[in-house]
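Given next are the chains, with one letter for each unit.
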Amino acid sequence: MSNVVSDLVRNIPIPRMFKVRQLFATSKIAKDNLPIVLRGQLQQEKFAQAITPGMTVAITVGSRQIANIVTITKTIVEHVREKGGKPFIVAAMGSHGGATEEGQRDILSNYGITEATMGCPVKCSMEVVKIGTNEEGMDVFIGKDAAQADGIIVNCRIKPHTCFSGPYESGIMKMMTIGLGKQAGADVCHAAGFGQMAKYVPMFGRAILQQAKILFAVAVLENAYDETAKIVVLKSDEIALREPQLLLEAKSLMAKILVPKCDVLVCDVIGKNFSGSGMDPNITGTFVTPYVSGGLKSQRVAILDLSKESHHSGCGMGMAHATTRRFFNKLDIELTYPNLITSTVVENARIPMVMKNDKEAIQVCIKTCTGIDKQHVRLVRIANSLQVQHIMLSEAYYAEAKANPSMIIESELAPLSFDEEGNLPDVGHIG
């Protein structure tokens, strides 16, 4: 990179920072108790009788990093087998993983979902079949592997979506509509854009409930620490009524950054394992569609690195104003664009300013802020948008944090420490 760019930001001061632990509700299901809690529901007659000996049963797993996903999925697999069924896993993640069988299998493998760990086949074919039409006459697709099964169990998490709001966001209906729909199904649903997503997710979902062999759904809600707070099993005829209620509960459990606004937000790492959008705008406020709002308000955003679990997909970089050469070198356009083209949110593919290192990425954001107090820059640093229990705040927030009972100051004020290359040695780790 030209020295001219470095020279332009070289003398921009970065404020002293301090570490803060944010306090949220801690209700959770202990990992050791999860199989017991889940089995207790699965053994209810309405679920137990849904599986008969010899049935082939498809169990969905998506592209999100869900707490205890291996334990939860394994428990479902074992339940099906105990009832005499023949379980198998199906990748249900729309166009993620580069919209390829190999890419989706790699995502599952990274989460510990393999034939070895599950004790059953894992199918990731992108082939789909049309199972009918929705009430507007639009074609409804689901993966061929799932369609050919005698029954389908939708295994997912319910939480707010990053690009639209409505009674059904990320959850059961969306897993059926877009996850099970693979590239083709996702493309049909996304074609009208996110402005229509609150309409089409339940519309396609209802069609799938009517025309596919959905047995029941296992839905997880997580607390602010990304721990399993609740697990609910719903029969297919309960999903439409209960999911909106569970979404409201999920929203109440979400973490947030406990200061309302800043000048510069630094997010160390983005990636699909943290959010479908790479960086969850419900936390960071970095929405790229006008159909939802909330989260932290910032003038500039820097992203410093890309997670290994993203498999070189830079989805989410369009939310930032600056990034690093390290991030850029990990970026693979061929693995980034398919999901964004399918979703129509191409704004998330915009490449931000690429700076030489972490320090310069932060400095250019500070320099290009306007109308702020440059002597008291309000800077917020997070490791990623999924884990915000521990964050860093600049000196301008010290008095506010000290007075907030939901914030515990965990370090003294100190300059950020950069290595010889100008990078943060603890990138991705705070607290």
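Data block above holds the structure.
A brief look at the structure comes next.

Thresholds applied
- Residues numbered from 1 in each chain as written.
- Predicted model: local features only at pLDDT ≥ 70, side-chain atom pairs only at ≥ 80, totals over all residues.
- Heavy atoms only, no water.
- Helix = DSSP H or I, 4+ residues; strand = E, 2+ residues; numbered from the N terminus.
- Rg over C-alpha atoms; globule rule 2.2 N^0.38 Å.
- Buried < 20%, exposed > 50% of the residue type's maximum accessible area, 1.4 Å probe, protein only.
- Contact = heavy atoms within 4.5 Å.
- Pairing = 2+ DSSP bridges.
- Axes fitted to C-alpha atoms, helices over the stretch in contact; angles between N-to-C directions.
- Salt bridge = Lys/Arg side-chain N within 4 Å of Asp/Glu carboxyl O.
- Polar contact = N/O pair within 3.5 Å; in protein donor to acceptor, adjacent residues only side chain to side chain.
- Parallel < 35°, antiparallel > 145°, perpendicular 65-115°, else oblique.
- Left-handed = near helix turned anticlockwise from the far one by under 90°.
- Nonpolar A, V, L, I, M, F, W, Y, C, P; charged D, E, K, R; others polar.

## Remarks on the overall build of the protein chain
Along the backbone of the protein chain there are 16 helices and 16 strands. Here the protein chain has a C-alpha radius of gyration of 22 Å; the compact-globule value for 431 residues is 22 Å, and the two agree. Projected onto its principal axes, the C-alpha positions of the protein chain cover 70 × 40 × 40 Å. Evaluated residue by residue, the protein chain yields a buried proportion of 56% over its 431 residues. In the protein chain, once contacts between residues fewer than 6 apart in sequence are set aside, the share between residues at least 24 apart is 75%.

## Side note on the sheet that holds strand 2 (residues 56-61)
The strand order across the open sheet built from six strands is 4-3-2-7-8-9, with neighbouring strands paired in mixed fashion. The open sheet is flanked by strand 4 (122-123) and strand 9 (228-235), the only strands paired with a single partner. In terms of strand pairing, strand 2 meets strand 3 (residues 86-91) through six bridges, oriented parallel. Paired with Thr60 across the strands is Val90, a residue of strand 3. Where helix 2 (residues 34-42) meets the sheet, it contacts strand 8 (214-222) and strand 9, and its direction lies at approximately 20° from that of strand 9.

## Notes on helix 8 (residues 172-179)
Here helix 8 lies mainly inside the structure; eight of its eight residues are buried. Buried within helix 8 we find Ile172, Met173, Lys174, Met175, Met176, Thr177, Ile178 and Gly179.

## Overview of the pattern of salt bridges
This structure, assessed with the given rule, holds 23 salt bridges. The partner of Glu227 in a salt bridge is Lys28, and the shortest N-O contact between them spans 3.5 Å. Residue Glu227 is located in the loop between strand 8 and strand 9, and its partner Lys28 is located in the loop between strand 1 (17-22) and helix 2; the two are separated by 199 residues in the primary sequence. Residue classification places Glu227 among the partly exposed residues on the basis of a relative accessible area of 26%. Residue classification places Lys28 among the partly exposed positions, given a relative accessible area of 49%.

## Looking at helix 15 (residues 358-368)
Where burial is concerned, most of helix 15 is hidden: eight out of the 11 residues are buried. Restricting attention to buried positions, one finds in helix 15 the residues Asp358, Glu360, Ala361, Ile362, Gln363, Val364, Cys365 and Ile366. Near the N-terminus of helix 15, the side chain that reaches the backbone nitrogen of Lys359, with its oxygen 3.3 Å away, is that of Asn357.

## Some remarks on the environment of Thr52
Looking at where Thr52 falls in the secondary structure, it is placed in the loop between helix 3 (45-48) and strand 2. On the accessibility criterion, Thr52 (39% relative accessible area) is partly exposed. For the pair Thr52 and Cys365, spaced 313 residues apart in sequence, the C-alpha separation works out to 60 Å. Each residue touching Thr52, except ones within four places of it in the same chain, is listed here: Lys83, Gly84 and Gly85.

## Looking at the packing of helix 2 against helix 4 (residues 69-82)
Where helix 2 contacts helix 4, the axes come no closer than 10 Å and their chain directions differ by 40°. The orientation of helix 2 with respect to helix 4, classified from their angle, is oblique. Between helix 2 and helix 4 lies a crossing of right-handed hand. Where helix 2 abuts helix 4, its residues Leu34, Pro35, Leu38, Arg39 and Leu42 lie against Thr71, Ile72, Thr75, Ile76, Glu78, His79 and Glu82. Looking at the contact of helix 2 with helix 4, its residues break down into six nonpolar, three polar and three charged.

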